[in-house]
Amino acid sequence: MSQQSSPTVFSAGLDIMEMYKPKPDRVKEFWTTLQDVWLALYGSSFPTVAAINGHSPAGGCLLSLCCEYRIMCPNYSIGLNETKLGIVAPKWFMSSMLGAIPYREAELALTSGRMFSTDEALKIGLIDEVASDKADAIAKSEKFLSQFAKIHPIARKLTKLNLRHSALEWMQENKELDLNIFISFVGQPIVQKSLEKYLEGLKAKQAK
Ligand SMILES: CCCCCCCCCCCCC/C=C/C(=O)SCCNC(=O)CCNC(=O)[C@H](O)C(C)(C)COP(=O)(O)OP(=O)(O)OC[C@H]1O[C@@H](n2cnc3c(N)ncnc32)[C@H](O)[C@@H]1OP(=O)(O)O
């Protein structure tokens, strides 16, 4: 999986404009689409690799965490920075991160909304390899995937899905609850104020 929404961005995460002053007719589709993407990618029976060729905050980081292996190009940033926006990464964002890094690192990263540089991410295990550029990231992805030619495909698939079973099962059983939590929290004035402030910060940074 290699995305390119801009030359320097792998994925900027969820569209904040969908959460800031959310439109009631869109918010349900917005969130259930995200749940379905996570279910499909995290629960994919295929081996998956993220070739991360740009910044990867929040939802971007989540997409890469759905994959079993992450390869990232230098001098970018990655992390679940939700608390910096005044919001809370949902349970399944957190469990995806806990599949990659130890609890202690995850707790520190999630509570502070820390973004990691490529080198820092490698050090804590948030990514698995550094590539020199996009072509190298894709070559390294192919090398990672090629090792499975020697593994029985059903044994590999069942092993992966067993490891991910409880997180996937939680989502399948709690989609509606998770949606209702999102809708009720995102509309709260305190959350809206935080998002407004964060958006102002992004604009101010751009104006410099
Ligand atoms: C306290 C009570 C409890 C609360 C409980 C709440 C529960 C609610 C649950 C909610 C859970 C939601 C989970 C959220 C997941 C997310 O993904 S949130 C999104 C997080 N994303 C970011 O923080 C990214 C912010 N952007 C950046 O850091 C940078 O833009 C960049 C991606 C690194 C790119 O930098 P650069 O190339 O320098 O471009 P910029 O100039 O900064 O930006 C260009 C324009 O793009 C706009 N923009 C950037 N990111 C987003 C985004 N995610 N959504 C919408 N718009 C974005 C930016 O504003 C610029 O816009 P213009 O000025 O119009 O050009």
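It should be emphasised that the depicted structure is a prediction, and the values quoted were computed from it without experimental measurement. (Residues numbered from 1 in each chain as written. Predicted model: local features only at pLDDT ≥ 70, side-chain atom pairs only at ≥ 80, totals over all residues. Heavy atoms only, no water.)

**Quick notes on the sheet that holds strand 5 (residues 116–117)**
And step 1. Pairing in this open sheet of three strands is mixed, and the strands run 2-4-5 from one edge to the other. In this open sheet, the two strands that pair with only one neighbour each are strand 2 (56–57) and strand 5.
And step 2. Where strand 2 and strand 4 (residues 77–79) come together, two bridges link them in parallel fashion. Looking at the pairing, P57 lines up with G79 of strand 4. (Pairing = 2+ DSSP bridges. Helix = DSSP H or I, 4+ residues; strand = E, 2+ residues; numbered from the N terminus.)

**Focus: the side chain of E82**
And step 1. Relative to the helices and strands, E82 resides in the loop between strand 4 and helix 4 (91–98).
And step 2. Although E82 lies buried, it forms no salt bridge, and the closest oppositely charged side chain, K84, sits 10 Å away as judged by the N-O distance.
And step 3. Those residues within four positions of E82 in sequence are excluded, and the remaining contacts are A58, G59, I87, V88, A89 and F93. (Buried < 20%, exposed > 50% of the residue type's maximum accessible area, 1.4 Å probe, protein only. Lys, Arg positive; Asp, Glu negative; His and termini not counted. Salt bridge = Lys/Arg side-chain N within 4 Å of Asp/Glu carboxyl O. Contact = heavy atoms within 4.5 Å.)

**Considerations on the site of the ligand**
And step 1. The full set close to the ligand counts 28 residues, and L14, I16, Y198, K205 and Q206 are the nearest of them.
And step 2. Measuring from an oxygen atom of the ligand, one finds a backbone N or O atom of L14 at 2.7 Å.
And step 3. Computed on the free molecule, the ligand has an accessible area of 1,300 Å², of which 74% lies beneath the protein chains in the complex.
And step 4. In a pocket analysis with a 2 Å cut-off to the grid points, the ligand is assigned to the largest pocket.
And step 5. For the shell around the ligand, the elements supplying multiple residues, two or more each, are helix 1 (16–19), helix 9 (165–186) and helix 10 (189–207).
And step 6. The biggest single contributor to the shell around the ligand is helix 10, with six residues.
And step 7. For the shell around the ligand, the residue count by class is 18 nonpolar, six polar and four charged. (Near = heavy atom within 4 Å. Polar contact = N/O pair within 3.5 Å; in protein donor to acceptor, adjacent residues only side chain to side chain. Areas by Shrake-Rupley, 256 points an atom, 1.4 Å probe, with all protein chains shown as cover. 1 Å grid on protein atoms, 1.4 Å probe; cavity = no way out; pocket = protein on both sides within 12 Å on 5 of 7 lines; lining within 4 Å. Sits in = over half its atoms within 2 Å of the grid points. Nonpolar A, V, L, I, M, F, W, Y, C, P; charged D, E, K, R; others polar.)

**A closer look at the side chain of Q192**
And step 1. With respect to the helices, strands and loops of the structure, Q192 is situated in helix 10.
And step 2. Using a relative accessible area of 13% as the deciding quantity, one classes Q192 as buried.
And step 3. A polar atom in the side chain of Q192 sits 2.6 Å from the backbone nitrogen of K21.
And step 4. Not counting residues up to four positions away in its chain, the partners in contact with Q192 are M19, Y20, K21, P22, V186 and G187.

**Section: the nonpolar core**
And step 1. In this structure, W31, W38, I78, M97 and L126 are the most contacted members of the largest nonpolar core, which totals 57 residues.
And step 2. Beyond its immediate sequence surroundings of up to four residues, L126 is in contact with L65, R70, I78, M97, I101, F116 and A121. (Core = buried A, V, L, I, M, F, W, Y, C linked by side-chain atoms within 4.5 Å.)

**A word on the sheet that holds strand 6 (residues 129–130)**
And step 1. Ordered in space as 1-3-6, the three strands form an open sheet in which the pairing is parallel. The sheet terminates laterally at strand 1 (49–52) and strand 6, the two strands that pair on one side only.
And step 2. Bridging between strand 1 and strand 3 (residues 69–72) involves four bridges; their strand directions are parallel. What sits directly across from A51, in strand 3, is I71.

**Overview of the confidence of the model for the protein**
And step 1. Per-residue pLDDT for the protein averages 96, and the proportion of residues at 70 or more is 98%.
And step 2. Taken over the whole predicted complex, pTM reads 0.96, whereas the ipTM for its chain interfaces reads 0.95. (pLDDT = per-residue confidence, 0-100.)

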